[in-house]
Amino acid sequence: MGSPPSGFIIASESLDSREFKPLNPEDFRDKAHKAVDFIADYYKNVENYPVLSQVQPGFLKNRLSETPPDMPESFDTILRDVQNDIIPGITHWLSPNFFAYFPASVSTAAFVGEMLCTCFNTVGFNWVASPAATELEMVVMDWLATMLHLPKSFMFSGSGGGVLQSTTTESCLCTLVAARDRVLNEIGIGHIGKLVVYGSDQTHSMFKKVCKLAGIDPKNIRAIPTRVEDEFSLSPSILRKVIQADVEQGLVPLYLCVTIGTTSTTAVDPIKDLAEVANKNNMWVHIDGAYGGNACICPEYRHFLDGVEKVDSLSLSPHKWLLSYAECCCLWMKNPDLIVNALRTNPEYLRNKHSESDSVVSYKDWQVGTARRFKSLRLWFMLRSYGVQNLQKHIRTDVQMAITFERLVKSDVKFEVVTPRRFALVCFRLKQLNGFDTELLNKKLLERVNSTGRVYLTHTAVGGIYMLRFVVGATLTEERHVINAWEVIKEMANTMVHEYES
Ligand SMILES: *Cc1c(COP(=O)(O)O)cnc(C)c1O
């Protein structure tokens, strides 16, 4: 062995290693209490920070030391640096003035569930690695399925089951691989190049990524164009024609991804009619309800799921609208065996009598990774602390606030609502002004509004129309924030109008 590079400090010379106790309960209590105080203060003050971080790329490198400390620093110093150095570089998703993308919704109950998840730090890849982790997840998935009035065929209490994935991407990937292997087992692995997958031009961009990962030939990914007259939803008759053309070419239709609440404009694909087309061709149908699916816990939105009994799988992300923190995506399947057949591993070091007997669920075979966190605790705390009624109320309150915003937009002749509002997203834009390019006008408006730091919204373009997206859903948002946001938008727009008219 050579000598260490110069400047390398041998720890044992400078610190008594016997005093290093990274998990001392009293020390934990002291620091965690401080952290909780810090967090509660953050929630109180978050409204006062610029929503969109105003820093420039590389800002942090100049603020922090180039090397890690050799000796311990005090917890207070580190927390102080979070306040001074980190917070300026945060875009505050928790701000009540955050109306961008789809929201990342949070709650006290889910936070506490997350604390306990982190506390136990179980790695529940199979049942024995923490029986409660597997079984609570099964219970919670069935609870949520009940709230959505899913058929028993998607529940453990019936013949199906659910699993917590981190993302829609993973839900889509695992089901696509299950569908792929089911068909390849019949037609032979050499025919993978014949498999065709279908979505619309409004399907989330993750779908292409997923198809690549699953080995689908990029030539066989159909992004079927949607039309204004269908409100940008996928048309069953066009789908039928596209599939027919593929079949005539000797290709094999494999998988259809339909969406409840597209990311650009919350368009809803007609599940029942699309599933009927797909069923005739023995395809796997997956519903991506990442955002809009959450609303289906309310009876008035449940009709969007009509026809769900005809599909194979459904995913939605409570982290987008059901108060439960990032990386929480629920996936239900009618036939979990197909996913397990595709993804099962069986190494010697994980063998045990329960798994061997097939009497228990091994969630490692329902997902990409092996390790997994005890995330169902979050949902369990959330569901129990609030009850279904409050969660329905939460959805409705957000929708009501979006309706308020929509009304304000419509009350101003300079503006128009571009696509129909279905959930808590309003797509709108400044109308034509003195022959100026409407797209450019709206881009400028967005930039000006966001640079105030007082609100944050984003944009999209559908059917060649550039529009602004305003989504209500941050947990702390109240009606006054929505009204204030409109004031900011109106103020910026009026300034621009004066500039352009003079
Ligand atoms: C947000 C969103 C996604 C993205 O999912 P990930 O969880 O980031 O993989 C997928 N589909 C829709 C409709 C979305 O709105």
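Above this note sits the structure.
Residues numbered from 1 in each chain as written. Predicted model: local features only at pLDDT ≥ 70, side-chain atom pairs only at ≥ 80, totals over all residues. Heavy atoms only, no water.

Undergrad: Would you mind going over the overall build of the protein chain with me for this structure?
TA: On a plain count of helices and strands, the protein chain comes out with 15 helices and 11 strands. Scaling as 2.2 N^0.38, a compact globule of 502 residues should have a C-alpha radius of gyration of about 23 Å, and the protein chain matches this with 25 Å. Within the protein chain, buried positions represent 49% of all 502 residues. When contacts within the protein chain are restricted to residue pairs at least 6 apart in sequence, long-range pairs at least 24 apart make up 75% of them. Roughly 24,300 Å² of accessible area belongs to the protein chain as shown, and the carbon and sulfur atoms make up 55% of that amount. (Helix = DSSP H or I, 4+ residues; strand = E, 2+ residues; numbered from the N terminus. Rg over C-alpha atoms; globule rule 2.2 N^0.38 Å. Buried < 20%, exposed > 50% of the residue type's maximum accessible area, 1.4 Å probe, protein only. Contact = heavy atoms within 4.5 Å. Areas by Shrake-Rupley, 256 points an atom, 1.4 Å probe, with all protein chains shown as cover.)

Undergrad: Would you mind going over unusual backbone geometry with me for this structure?
TA: Both trends apply: most residues other than glycine have a negative phi, and most peptide bonds are in trans. Phi at Tyr101 takes a positive value of approximately 45°, unusual for a residue other than glycine. Since its relative accessible area comes to 39%, Tyr101 is described here as partly exposed. Although it is not a glycine, Asn282 adopts a positive phi angle of roughly 55°. Following the sequence through the fold, Asn282 ends up in the loop between α9 (271-280) and β5 (284-288).

Undergrad: Looking at this structure, how should I read the pairing of strand β8 (residues 415-419)?
TA: Side-chain direction in a regular strand flips from residue to residue, so the side chains alternate between the two faces of the sheet. Where β8 meets strand β9 (residues 425-430), 4 bridges bridge the pair, whose relative direction is antiparallel. Bridge pairing in β9 places Val417 opposite Phe428. Remark: 5 residues form the turn of the hairpin made by β8 and β9, two consecutive strands paired antiparallel. (Pairing = 2+ DSSP bridges.)

Undergrad: How should helix α13 (residues 376-410) be read in this particular structure?
TA: Helical geometry note: an α-helix holds 3.6 residues per turn, so side chains three or four residues apart project in the same direction. Taking 1.5 Å as the rise per residue, α13 with 35 residues should run 51 Å; its terminal C-alpha atoms sit only 42 Å apart, a clear shortfall. Helix geometry: α13 is bent most strongly at Gly387, by close to 90°. (Expected span 1.5 Å × (residues − 1). Bend = angle between axes of the 7 residues up to and from the residue.)

Undergrad: Quick question: what am I supposed to make of the site of the ligand here?
TA: Residues in contact with the ligand, as listed here, are Phe102, Thr167, Thr168, Thr169, His204, Thr259, Gly261, Thr263, Asp288, Ala290 and Lys320. A distance of 3.1 Å separates an oxygen atom of the ligand from a polar side-chain atom of Thr263. Surface burial for the ligand is 85%, taken as the share of its 390 Å² of free accessible area covered by protein chains. Taken together, the residues of the shell around the ligand break down into 2 nonpolar, 7 polar and 2 charged. (Near = heavy atom within 4 Å. Polar contact = N/O pair within 3.5 Å; in protein donor to acceptor, adjacent residues only side chain to side chain. Nonpolar A, V, L, I, M, F, W, Y, C, P; charged D, E, K, R; others polar.)

Undergrad: Help me out: how do you make sense of the environment of Glu26 in this one?
TA: As for its placement among the helices and strands, Glu26 is situated in helix α2 (residues 25-45). In this structure the side chain of Glu26 is engaged in a polar contact, spanning 3.0 Å, whose partner is the side chain of Arg29.

Undergrad: What is the right way to look at the packing of helix α6 (residues 168-187) against helix α7 (residues 206-213) in this model?
TA: Each pair of packed helices can be summarised by the angle the axes make with each other and by the distance between the axes. Contact geometry of α6 with α7 gives a least axis separation of 9 Å together with a crossing angle of 40°. Considering the angle they form, α6 stands oblique to α7. Seen from above, α6 lies across α7 with right-handed handedness. Here α6 contributes Thr168, Thr169, Cys172, Leu173 and Leu176 to the contact with α7, which in turn contributes Met206, Phe207, Lys209, Val210, Cys211 and Leu213. (Axes fitted to C-alpha atoms, helices over the stretch in contact; angles between N-to-C directions. Parallel < 35°, antiparallel > 145°, perpendicular 65-115°, else oblique. Left-handed = near helix turned anticlockwise from the far one by under 90°.)

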